[in-house]
Amino acid sequence: MQSVVKKLIVQKHRRAGLIAGLCTLLMAGQAAANGAIGDHVNHLQDHLGQYTEEVNWLVGKYDGVVDTYEEKGQKAAHSDSMIEFWEEVDFHSAIETNYVPVYASIWQGIYGVKQAIDGGASIEKVRAEQAKLDQALWQALGAVKLAAQYQQKGLLNKIQTTEVEPTTAPETLEDIKHRLDRVVAKYAEKLPDAATTIVHDTYLQRFEGVEGALIEQDAHLVEDLEKDFNVTLPQALSGDASVDDVRQVVSAMQAKLDKAKALLLEAEKDRKDVF
């Protein structure tokens, strides 16, 4: 056990310098990817009508792009406009701040349609991708409506314009899981550099802070997660992996983080029982 712990500590310090340098190089990509969040996200109930109109507008716009593709061909469809439509609406930040997994699914859907059009796919294939996108949009609207209910009841925190640091190890692990959801979202947005920055920042700023406590509980689990942060996930982001492939890597990491959280909570309970 002691040899495993010593090995982990040595490996951690060797990697720290390399990762810090890479984070600096990629930081600009992350900043460019994060748009301003309007205060409407703190008053969801007041804007549900607007969000509903925007989703209907998006569905209609995307249907128009696909119709144009069917009738006039690839060039006339102007597939790049699909991204512009999505970034135009306030609903964009409403779902991004409340349910990142579905936010990622919307981006995945947009690029599914766009790539099918750009690749000259059959109209049947394009329509199938469009159906997935429509489903993601309506699912997102449902998620925002639910969030609005929780917000009204005071069960949803006000959206922070600045980052709030977690204060306990279990909170840190939950924050890591949320950051990993954002990795999938940024990858779905075709921003792999921004996604990679989040991974390395999360490792340095979050995981390393709880590493020591976790090593005491399960050194092999820590070693496994370190490999995920520094090898498995970055390799997936730098290759030709699909969004689903990246999501699978992240889901596996989140399951390991859940296990880590359970170990820390159990250890804390045992300490309290002793005293």
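Residues numbered from 1 in each chain as written. Predicted model: local features only at pLDDT ≥ 70, side-chain atom pairs only at ≥ 80, totals over all residues. Heavy atoms only, no water.

**Observations regarding the overall build of the protein**
Right, on to step 1. A count of helices and strands for the protein gives eleven helices and zero strands.
Right, on to step 2. Going from the N terminus to the C terminus, the protein shows its helices and strands as α-α-α-α-α-α-α-α-α-α-α.
Right, on to step 3. Every one of the 275 residues in the protein was classed for burial, and the buried ones make up 44%. (Helix = DSSP H or I, 4+ residues; strand = E, 2+ residues; numbered from the N terminus. Buried < 20%, exposed > 50% of the residue type's maximum accessible area, 1.4 Å probe, protein only.)

**Notes on helix H10 (residues 219-238)**
Right, on to step 1. Over its 20 residues, H10 runs 28 Å from end to end, which matches the ideal 28 Å to within 8%, given 1.5 Å per residue.
Right, on to step 2. Of all the bends in H10, the greatest measures close to 45 degrees and is centred on Asp-228.
Right, on to step 3. Buried within H10 we find Ala-219, Leu-221, Val-222, Leu-225, Glu-226, Asp-228, Phe-229, Asn-230, Leu-233, Pro-234, Ala-236 and Leu-237.
Right, on to step 4. The residue sitting at the N-terminus of H10 and contributing the capping side-chain oxygen is Asp-218; that oxygen lies 3.3 Å from the backbone nitrogen of His-220. (Expected span 1.5 Å × (residues − 1). Bend = angle between axes of the 7 residues up to and from the residue. Polar contact = N/O pair within 3.5 Å; in protein donor to acceptor, adjacent residues only side chain to side chain.)

**Focus: the packing of aromatic side chains**
Right, on to step 1. For the structure on display, the rule yields nine aromatic pairs.
Right, on to step 2. Look at Tyr-203 and Phe-229: their rings are 5.9 Å apart centre to centre, the planes differ by 50 degrees, and that puts the pair in the tilted class. Remark: Phe-229 occurs in helix H10 and Tyr-203 occurs in helix H9 (residues 192-217); sequence separation between them is 26 residues. Like Tyr-203, the residue Phe-229 is buried in the burial classification.
Right, on to step 3. Each residue in the set Tyr-51, Trp-86, Phe-91 and Tyr-103 is aromatic and connected to the rest through ring pairs, giving one cluster.
Right, on to step 4. A cation over a ring is seen here: Lys-190 above Tyr-111, with NZ or CZ 5.2 Å from the ring centre. (Phe/Tyr/Trp six-rings, centres within 6.5 Å; stacked < 30°, edge-to-face > 60°. Lys NZ or Arg CZ within 6 Å of the ring centre and 35° of its normal.)

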